[in-house]
Amino acid sequence: TGAMRYAAREFLVDLTVWYHLGWLGESVRRSDARVAALVKKGRHYSDADRRTLLEVIGELVSGVVPRYRSLAANGRVELSVTPYGHPILPLMLDFSSARDAIPDCPLPAETAYPGSEARVRWHLQAALALFEKTFGVRPSGCWPSEGAVSDRALALIEEAGFRWTATGELVLRNSLTRHALWDGEQQVASLHRAYRIAGRGLNVYFRHDGLSDLIGFSYSKWHGDDAAANLTRHLEHLADVFQGQPERVVAIVLDGENAWEYFPFNGYFFLSALYEQLSSNTRLELTTFARCRAAAPAAELPSIVAGSWVFRTFSTWIGEPAKNRAWEMLCEAKRTYDRVLATGQLTAPERRVAERQLAVCEGSDWCWWFGEGNPAEQVAAFDELYRRHLGNLYRILGQTPPAYLAEPFAHGGGSPEMGGVMRRAQ
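Our subject in this report is the structure included herewith.

Scoring rules and cut-offs
- Residues numbered from 1 in each chain as written.
- Predicted model: local features only at pLDDT ≥ 70, side-chain atom pairs only at ≥ 80, totals over all residues.
- Heavy atoms only, no water.
- Disulfide = S-S within 2.5 Å.
- Axes fitted to C-alpha atoms, helices over the stretch in contact; angles between N-to-C directions.
- Helix = DSSP H or I, 4+ residues; strand = E, 2+ residues; numbered from the N terminus.
- Parallel < 35°, antiparallel > 145°, perpendicular 65-115°, else oblique.
- Left-handed = near helix turned anticlockwise from the far one by under 90°.
- Contact = heavy atoms within 4.5 Å.
- Nonpolar A, V, L, I, M, F, W, Y, C, P; charged D, E, K, R; others polar.
- Buried < 20%, exposed > 50% of the residue type's maximum accessible area, 1.4 Å probe, protein only.
- Pairing = 2+ DSSP bridges.
- Phe/Tyr/Trp six-rings, centres within 6.5 Å; stacked < 30°, edge-to-face > 60°.
- Lys NZ or Arg CZ within 6 Å of the ring centre and 35° of its normal.

1. Some points on the state of the cysteines
Per the counting criterion, the structure on display carries zero disulfides. C292 takes part in no disulfide bond, and the closest cysteine sulfur to it belongs to C142, at a distance of 17 Å. The thiol of C361 is unpaired, and the distance to the nearest cysteine sulfur, on C367, comes to 11 Å.

2. What about the packing of helix α16 (residues 348–361) against helix α18 (residues 376–396)?
Across the interface, α16 lies against α18 with an axial gap of 9 Å and an inter-helix angle of 160°. What the angle tells us is that α16 and α18 run roughly antiparallel. You can see that α16 and α18 cross each other, and the crossing is left-handed. The segment α16 lies against α18, with E350, V353, A354, Q357, L358, V360 and C361 engaging Y386, H389, L390, N392, L393 and I396. Of the residues contributing to the contact of α16 with α18, the split by class is nine nonpolar, three polar and one charged.

3. Re the pairing of strand β4 (residues 203–207)
If a strand is regular, its side chains alternate between the two faces of the sheet. A large share of β4 lies buried, amounting to five of its five residues. For strand β2 (residues 164–168) and β4, the ladder comprises five bridges, and the chain directions are parallel. Within the sheet, the bridge partner assigned to T167 lies in β4 and is F206.

4. With respect to the packing of aromatic side chains
Summed over all chains, the structure comprises 22 aromatic pairs. Centroid distance F370 to Y386: 5.5 Å. Interplanar angle 65°. Geometry classified as edge-to-face. Of this pair, F370 sits in the loop between α17 (365–369) and α18 while Y386 is found in helix α18, placing the two residues 16 residues apart along the sequence. Relative accessible area serves as the criterion here: at 0%, F370 is assigned to the buried category. Assessed through its relative accessible area of 2%, Y386 is described here as buried. Through a chain of ring-to-ring contacts, the aromatic side chains of W366, W369, F370, F382, Y386 and F409 assemble into a single cluster. Its end group placed over the ring of W122, R119 keeps NZ or CZ at 4.6 Å from the ring centre.

Given below as structure tokens:
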């Protein structure tokens, strides 16, 4: 910008170094002598300093996969997978699934997403292939994008070979209520366990929305020790309630990549205290969904009310004019994709490029940001990026992008909590 022309190069260099230092994990800043020296220096960073920082970042990034592979192999963690392009599977399969939770939800003018079931299978299989290539094993669990589920989506997740999946607590409440299985007096007794849809073998686990949202939205304002103690007390209370019921499981699920930037020191003190308290607590058993599935039976549900972990609905991705328009543009692009592929004019490499570009366009984060409730700047940025990606898909297919892709279609103006990067369950 014009104002930046007056900034000295040295200032911009220092600002860049501090940006990356700020986004390093707190444990790295405390344990890596190179990083500690850069923090202490504070200013006047040299080219050698910048190379050192890049070396640290390179080591951290390159070490992520081996570290997780080792943790999984030793049984310390369980790794799950999400559909390749992060699409909302139930909406891809059936727009009207949005009316399961909101009967009067406005839908796109399109009746259905073209070739929906094949695309869902593609996203599941592509995710599995990438996971196996990366970690050398096949995952047993699938966290569907945004915990979005429906009966059809669950059937395809199971068909892909998964043994467990998970979604939000309010989806279970909706489903129990529909089938007259929800007891308001004994509501805790209905929650915190696995369920299976009648006739199926896929275990479905349900997020404890209250505890998960405490971490995502509230504990960042607390002292770390107090927050950890509070969460532990909540879990101990549930342990008392469920004493002698080994099938009970409390699932805490949240946007792990987003929450910590709101905590002092990236959540270092909260997480350190929490891990210490949980690992030493004899009343609580830390486990994985795969172990839960092997150890305890699941209850049965006749069917599930389609929804996600966000508001128990799909309203974050469909139902507003801009969100519906995004689906309509995607449908038109998909028809073009199908028509071009049917001609056989693309080479195998060109087909693979087009296939992955389509997957980018099918991702859920586009519609997450479209809508009046989000900040105008973020909406404008995602609007432009989405139209650019659709245009790239047309060009990859050798087609001229529609003229409407040159015009913005989504507008914001809201100021949601945490800037809109996370949502509460309700």
